[in-house]
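Structural characterization, general
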Amino acid sequence: MSKTIGIINGSLRKNSFSGSIADYVKNNAPEGYAFKIIDIGKLPLYNQDYDGEDLNEYTVFRNEVKNLDAVLFITPEHNRSIPAALKNALDIGSRPYGENVWSGKPGAVISQSPGGIGGFGANHHLRQVLAFLNVLTLAQPEAYIGSFHTLIDENGEINNEGTKEFLNGFLAAFAAWIEKLS
Ligand SMILES: Cc1cc2nc3c(=O)[nH]c(=O)nc-3n(C[C@H](O)[C@H](O)[C@H](O)COP(=O)(O)O)c2cc1C
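Reading guide: rules and limits
- Residues numbered from 1 in each chain as written.
- Predicted model: local features only at pLDDT ≥ 70, side-chain atom pairs only at ≥ 80, totals over all residues.
- Heavy atoms only, no water.
- Helix = DSSP H or I, 4+ residues; strand = E, 2+ residues; numbered from the N terminus.
- Buried < 20%, exposed > 50% of the residue type's maximum accessible area, 1.4 Å probe, protein only.
- Polar contact = N/O pair within 3.5 Å; in protein donor to acceptor, adjacent residues only side chain to side chain.
- Contact = heavy atoms within 4.5 Å.
- UniProt positions renumbered as here; feature names shortened; annotations may be inferred.
- Phe/Tyr/Trp six-rings, centres within 6.5 Å; stacked < 30°, edge-to-face > 60°.
- Lys NZ or Arg CZ within 6 Å of the ring centre and 35° of its normal.
- Salt bridge = Lys/Arg side-chain N within 4 Å of Asp/Glu carboxyl O.
- Pairing = 2+ DSSP bridges.
- Right-handed = clockwise from strand over helix to strand, strands pointing away.
- Near = heavy atom within 4 Å.
- Nonpolar A, V, L, I, M, F, W, Y, C, P; charged D, E, K, R; others polar.

**Points about the side chain of Asn 9**
Along the chain, Asn 9 falls in strand β1 (residues 3-9). On the accessibility criterion, Asn 9 (14% relative accessible area) is buried. In this structure the side chain of Asn 9 is engaged in a polar contact, spanning 2.7 Å, whose partner is the backbone nitrogen of Ser 11. Among the polar contacts listed, one links the side chain of Asn 9 to the side chain of Ser 16, at a separation of 3.3 Å. Aside from chain neighbours lying at most four places away, what touches Asn 9 is Ser 16, Ser 18, Gly 19, Ile 40 and Ile 74.

**A word on the UniProt feature "domain: NADPH-dependent FMN reductase-like" (unreviewed entry) in the chain**
The UniProt entry lists residues 5-149 under the feature "domain: NADPH-dependent FMN reductase-like" (unreviewed entry), expressed in the numbering used here. Split by type, residues 5-149 is 32% helix and 19% strand. Its first and last C-alpha atoms lie 26 Å apart.

**Looking at the packing of aromatic side chains**
One pair of aromatic rings is described through two measures. These are the centre distance and the angle between the planes. Summed over the entire model, instances satisfying the criterion amount to 7 aromatic pairs. Aromatic side chains Phe 73 and Trp 102 sit 5.8 Å apart centroid to centroid with 45 degrees between the ring planes, which places their arrangement in the tilted category. In this pair, Phe 73 is assigned in strand β3 (residues 70-75) and Trp 102 in the loop between α3 (84-94) and β4 (106-112), connecting sequence segments 29 residues apart. Here the two residues Phe 73 and Trp 102 agree in accessibility, since each one is buried. Note on Phe 120 and Tyr 144: the rings are 5.2 Å apart at their centroids and 45 degrees apart in plane angle, and the pair reads as tilted. Remark: Tyr 144 occurs in strand β6 (residues 144-145) and Phe 120 occurs in helix α4 (residues 120-132); sequence separation between them is 24 residues. Judged by its relative accessible area of 26%, Tyr 144 falls in the partly exposed class. A cation over an aromatic ring shows up here: Arg 13 above the ring of Phe 17, its NZ or CZ 5.1 Å from the ring centre.

**Thoughts on the pattern of salt bridges**
Enumeration according to the criterion identifies 5 salt bridges in this entry. For Glu 77, the salt bridge goes to Arg 80, with nearest N and O atoms at 2.6 Å.

**Concerning the pairing of β1**
Counted residue by residue, β1 has 5 buried out of 7 residues, so it is predominantly covered. As defined by bridge partners, β1 adjoins strand β2 (residues 33-37) across 5 bridges and the pair is classed as parallel. From the neighbouring strand, Ile 5 faces β2, where its bridge partner is Phe 35. This β-α-β element, β1 to helix α1 (residues 17-27) to β2, shows right-handed connectivity. Relative to β3, β1 runs parallel, the two sharing 5 bridges. Among the inter-strand pairings, Ile 8 is bridged to a residue of β3, identified as Phe 73.

**Digging into the site of the ligand**
What surrounds the ligand is a group of 13 residues, the closest being Ser 11, Phe 17, Ser 18, Glu 77 and Ser 113. Of the residues belonging to the shell around the ligand, the class tally is 3 nonpolar, 7 polar and 3 charged.

**As for unusual backbone geometry**
Note: most peptide bonds trans; most residues except glycine with negative phi. The amide bond that connects Arg 95 to the next residue, Pro 96, takes the cis arrangement and shows omega of 0 degrees. Structurally, Pro 96 can be placed in the loop between α3 and β4. Look at the link from Gln 140 to Pro 141: it is a cis peptide, with omega at 0 degrees. Here Pro 141 lies in the loop between β5 (136-137) and β6.

See the structure below:
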């Protein structure tokens, strides 16, 4: 049976660069894996007051994450950190206290930017949060994809062969990491 890896896109932007990577990943899944986009765009802002209540949007999201075999985060950098929507989703999944749905999941991080350092700041802020949430994050290869706007065609599809090769290798390493932890 194939394993399901959730993709969490840190960007809410239509036609986002992170979404271009997500599309490539979905269409080039290693054998035995299926990728599924987990939407974080409509989640209400996390509020601890709702921990004791069954707020539908939170419950649906938490259950979606619970059912995943692994999680791949693809994100832009916002002011040298992760976008607020992504932090919101991480916080929602982490609570109520003692019911962290991220815990023990194999994970991996890809950051991208039109800038030269490929969202390094976001990538490492995210890794810090994931360590606390007990996500077992792939260490190597790291994925900081810089100058992203030069790697896609007019439809937003990745058309740079080196980037495709890198992503294929990254996905193979992630699949091997998931198998190791299974
Ligand atoms: C609020 C905001 C802050 C940003 N801060 C950074 C930054 O610190 N470093 C960076 O490289 N790019 C920064 N950018 C540019 C985005 O990271 C860049 O446009 C990204 O590739 C867009 O990805 P997306 O299409 O998936 O949203 C920022 C963009 C926004 C909207």
